[in-house]
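The chain contents come next:
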Amino acid sequence: MKVFNGLEEHFNRLRACEDYIQFFEEFAKKQHSISPSELKEVIEKVIEITQTCHYEYAQMCILNWLAWCYNSLNEYKKAIEYRMQALFYFKKHKEKKRLPAIYNGLLADHLKLGEFELAITYGLEGIKCANDLGTMEVLTALIMNTAQVYIFMEAYNKSLEMMTLLESGFYELLTQHKITINHMKSLAMFELGDVEAAYELCRENLGYLQDGNYKIYEAQVLCQIGIIKCRRGDYEGADQEFEAACESALACKMELSYISVLSEWAKCYLQRGNVVEAEVKLRQAYERVAETELVIEKKDIEYQLSQVYKKLGRFEEAFVFLEKSYLNHQNQSTYKSSIYMSRLQNHHKIQEVEVYKLLYDQMNLVSEVGKKITSNLKIERALEAIYKAIKELLEVDEVGIALYDAKERMLDYKLFVDKERYLDLGKVSIDAEYSFGGYCIRNKKDIVINDIQKEYSHYVKYMKYIKNDMKASTQPKHSVQSAIFSPLIIEDRIIGVMMLQSYKKYTYNIEDVNKLKMLTTYVAIALENARLFDEVKYLANYDGLTDVLNRREIMKRGEVSLKANKEKGISTGVIMLDIDHFKRINDQYGHMAGDRVLKEIAGIAKGHIGKTDLIGRYGGEEFLIILSDVDQVAAQARAQKIRMLIEAYGVVTDEGVSIAATGSLGVAVGKDEEGLADIIKRADGYLYEAKGLGRNRVIGELEYSGGRNENENFNHSMDR
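Residues numbered from 1 in each chain as written. Predicted model: local features only at pLDDT ≥ 70, side-chain atom pairs only at ≥ 80, totals over all residues. Heavy atoms only, no water.

Draft legend 1. A look at the overall build of the chain. On a plain count of helices and strands, the chain comes out with 29 helices and 14 strands. Out of the 720 residues in the chain, the part that is buried amounts to 55%. A separation of at least 24 residues holds for 63% of the contacts in the chain among residues at least 6 apart in sequence. (Helix = DSSP H or I, 4+ residues; strand = E, 2+ residues; numbered from the N terminus. Buried < 20%, exposed > 50% of the residue type's maximum accessible area, 1.4 Å probe, protein only. Contact = heavy atoms within 4.5 Å.)

Draft legend 2. The arrangement of the environment of Arg617 in detail. Along the polypeptide, Arg617 turns up in strand 9 (residues 614-619). Look at Arg617 and you get buried, because its relative accessible area is 18%. In contact with Arg617, not counting residues within four places along its chain, are Asp543, Leu545, Thr546, Val548, Leu549, Asn550, Arg551, Leu598, Glu622 and Phe623.

Draft legend 3. Representation of the packing of helix 12 (residues 218-232) against helix 13 (residues 235-251). Interhelical geometry of helix 12 versus helix 13 gives an angle of 165 degrees and a closest axis separation of 8 Å. In terms of orientation, helix 12 lies roughly antiparallel with respect to helix 13. The crossing of helix 12 and helix 13 is left-handed. Between helix 12 and helix 13, the residues in contact are Glu218, Ala219, Leu222, Cys223, Ile225, Gly226, Ile227, Lys229 and Cys230 and Tyr235, Gly237, Ala238, Glu241, Phe242, Ala244, Ala245, Ser248 and Ala249, respectively. Class assignment for the residues of the contact of helix 12 with helix 13 results in 12 nonpolar, three polar and three charged. (Axes fitted to C-alpha atoms, helices over the stretch in contact; angles between N-to-C directions. Parallel < 35°, antiparallel > 145°, perpendicular 65-115°, else oblique. Left-handed = near helix turned anticlockwise from the far one by under 90°. Nonpolar A, V, L, I, M, F, W, Y, C, P; charged D, E, K, R; others polar.)

Draft legend 4. Structural view of helix 26 (residues 632-649). Between its first and last C-alpha atoms helix 26 spans 26 Å; for 18 residues at 1.5 Å apiece the expected length is 26 Å, and the two agree. By the burial criterion, the buried members of helix 26 are Gln632, Ala635, Gln636, Ala639, Gln640, Ile642, Arg643 and Ile646. Each buried residue of helix 26 lies within a common arc of 165 degrees when the element is viewed along its axis, so the set occupies one face. At the N-terminal end of helix 26, a side-chain oxygen is found 3.3 Å from the backbone nitrogen of Val633, two or three residues along, and the residue is Asp631. Following helix 26 by one or two positions, Gly650 adopts a phi angle in the positive range, close to 75 degrees. (Expected span 1.5 Å × (residues − 1). Arc of directions from axis to C-beta. Polar contact = N/O pair within 3.5 Å; in protein donor to acceptor, adjacent residues only side chain to side chain.)

Draft legend 5. Structural context of the nonpolar core. Core analysis: the biggest nonpolar cluster contains 94 residues, and Ile43, Ile62, Leu87, Phe90, Phe242 and Ile301 have the highest contact counts within it. Among the elements that make up this core, the one with the highest residue count is helix 4 (residues 56-72) (11 residues). Dropping the residues within four chain positions of it, Phe90 is found in contact with Tyr57, Met60, Cys61, Glu95, Arg98, Leu99 and Ile102. The next biggest cluster of nonpolar side chains, apart from the first, holds 30 residues, and it includes Val548, Phe582, Phe623 and Val698. (Core = buried A, V, L, I, M, F, W, Y, C linked by side-chain atoms within 4.5 Å.)

Draft legend 6. Main features of the packing of aromatic side chains. Under the defined criterion, the tally for this structure stands at 17 aromatic pairs. An angle of 25 degrees between the planes, with centres 5.6 Å apart, marks the rings of Tyr70 and Tyr82 as stacked. Taken as a pair, Tyr70 in helix 4 and Tyr82 in helix 5 (residues 76-92) lie far apart in primary sequence, 12 residues in all. For the pair Tyr89 and Phe90, a centre-to-centre distance of 5.3 Å together with 85 degrees between the ring planes defines the contact as edge-to-face. Considered together, Tyr89 and Phe90 belong to a single accessibility category, that of buried residues. Pairwise contacts between aromatic rings join Phe11, Tyr20, Phe23, Phe24 and Phe27 into one cluster. For Lys281, the ring lying beneath its charged end belongs to Trp265, and the centroid distance is 4.0 Å. (Phe/Tyr/Trp six-rings, centres within 6.5 Å; stacked < 30°, edge-to-face > 60°. Lys NZ or Arg CZ within 6 Å of the ring centre and 35° of its normal.)

Draft legend 7. Looking closely at the side chain of Asn64. Looking at the element boundaries, Asn64 is found in helix 4. Judged by its relative accessible area of 8%, Asn64 is buried. Other than its neighbours up to four places away in sequence, Asn64 contacts Arg83, Ala101 and Ile102.

Draft legend 8. Spatial organisation of the side chain of Ser561. Here Ser561 is to be found in helix 23 (residues 551-568). Owing to a relative accessible area of 13%, Ser561 belongs among the buried residues under this scheme. For Ser561, the contacting residues outside a window of four places in its chain are Leu614 and Ser628.

Draft legend 9. Spatial organisation of a nonpolar patch on the surface. On the surface, Val276, Val280 and Leu312 cluster together to form a nonpolar patch covering roughly 210 Å² of accessible area. Structurally, Val280 can be placed in helix 15 (residues 275-289). (Patch = residues over 30% accessible without salt bridge, like charges linked within 9 Å, V, L, I, M, F, W, Y side chains within 5 Å. Areas by Shrake-Rupley, 256 points an atom, 1.4 Å probe, with all protein chains shown as cover. Salt bridge = Lys/Arg side-chain N within 4 Å of Asp/Glu carboxyl O.)

Dropping the structure here:
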C-alpha cells in the first residue's frame, strides 16, 4: 500500500526486536498532525506485528497513538477504549513514565464528549504525574488542554493566563503547539472584544500554515478569520473564508472542523438576517453530526435549528429540535462543575492537588445534583427536582423559589415548601421595604443571615414573617432564625431568587453559601430551559394570534377525544364557526382590526366550552370546536349561546371604533361508525348552509328532524 512506502524495513526491524517500537512512536508523533487516517493504517499494521510476535509491551506503547488517530477522526469512545487498555497495563506494571501522556489523551477525549468531570479528573492525575516525573512535553500538552477547558467554560481571561504561562519560555513549544495557542488566544480575545488582536493571531497562523505539514489546522484558522470578517460586516469576505475552510476540512477529512465551520457560517447568515441560508447550513451540519459522538456540537446545532425554525414560524420543528437539544444536555456534564479548575494556573501548584481533590468531590456532588435539576423541561418537575436537590445538599427547613417579572417589578413565588408542606405565597414587590428577595434582586447580591433578629436591619427596614418573604401577619409555630437568599442569573439577567431558611441560628457557613451559589447556576438554567421549552412547545401547538389550538393539534387531540368518548359510550359533537364577512372587516378597518376580531371571538368561544371540550383555529376565520358528552340539542344550544354572545359583544379597535361582528355555525354530533373527519365534514356542510341562508345563524341536524328546541326557534325567527 502507498501509505506503507519506505516502512517495510522498519516493520521487519520491529519483528526482530520489540524495543524498535520507539521508532514508530517517534514516527507517530511527527505524522499525527499531517494525516491521522493514514497514520491509523500504519499503527494498525504495527499492532498486527506486535500481536503476531506476542509483544504485549510494544502493543500497549503504540495504543495511545492509535487512540489519538481515533480522536482526530471524532471517534472518542474508541479512543477512550484503547487508552484505558494501555492505562490499566502500565499501572499494573508500574510504568509511571507512560501515564501522563495517556491521562492527557483521556482529558482530550472526555472533553470532546462533554464529560467535563472525567476530563478534569484525568487532567489532575496527568498534571500530578507529569510534575513528579518532570516530563515537560506532556505537561505542556496538559496545560494546553486545560486552557481549552477554560474556552469551553467561557473563562477567557483564565485561558489567556494559561497560554501566557506556556509562552513564558519555560516550556519548549513545537510549531503545532504555537498554532494551537494562537488559535485559542484568538478565540479568547475575540470573545473579550479585541477583534484586531484576534485577527493578527490568525494572520500569524497563516504564516505557519505555509509549511504543508500543518494542513489539518487550516480549516479552523480560516473559519476564525471568517468569524472576524462577519463581525466587521464584511459578509462577502466572510463567505469566502468559510467556503475555503469547508474545502480544507473536507480535503483533510476533518469532520469536526467541517461541522464547526458550517455552524459558524450559519451564525453569520443569521447576523445579516438571512434565516433561510442559515437553515441550509445548519441542516448540512446536522446531517453530519447527528450520528456522531460529538455531544456538544450536536446539542448546539439542535438548539440553533430550534431558534431558526422559531424565526421561520415553523414551531413544530422548533419544538422537536429544542427537545432534542435538551435531551442531549441531559447526557452531557455541564461545564459549571469544573469551575474549580481556575486554580490550576501552572504546574507549580501541583502540591495543592489534595485540596483540588476535596474540591472536586464537593463540586462533583453539586454537579450530579445539578444534572438532575437541568434534565427536567417542565417547570413543575424542575421545581420539584430543585427542592429534592437542595435537601440532598444542605440543612434546610423551608425552601422558596420566585421568578422575577422585571416589567412589573414583582417576585412570583412558584415554589415554597415548609417541612414537606407546599404553600402558595403569591407575589411580592421587589420595592417592598420588608422584602429580602427584593434587596437580593435590586443589588444582585446574596444574603446570608444566621441570627434574624440581629441582622435583618442590614437588608430591610422592618420585618414581617420571613416564611412569606416578610409579608404574612401571623407568627409561625417555628420562627426562622437563619436564611440564605441568592439571585438566579442567566447571562447577567436576573430571572428570580432562591431562598433557604432554617429554624436554628447559625445554620449556614461559607461552604453552604458556595454550594448554593453553584447550585443557583443549575437552577437558573433549569428554569430558563423550562420557560423556553414551554414557549416553543406552546407555539408548536397553539395559534399565536388567537391563543387556541392550531389545526394540526386540534385534529390530533380531537382524534384522541373521539376515541376516548367511544370507549366511554358517550357522544362527540362538532361545531364549525365562521366569522361573517371577515374580508369586508379587513378591507374596511384594516388587518390589525381583523386580527382583533379573530382574537376576541376566539376568546368568547373558548370561554363558553367545557373543561373537556376543545377549540382550535381551523384556518383563516374558521374555528373548530369539539364537544364531549352532548346530544344534538345540547350541541346546538351551545352553538346558539356562542352566536348570541358574538353578536352582542362588539369588538372595539385601538382607535375606539366598534365593529359589529357575527358568526355562522354548523353543528353535527357523531354517529357510531363515523370518524372525526366525517363529523367535521357534516358540520362544515351545515355551516355553509347557514351562510347561504343569510349568515348569523346556527344550522344542524335539528333543522332536518323537526326537533328544534325553543332557543333555536327563537333565534332563527330573529335571524329572518
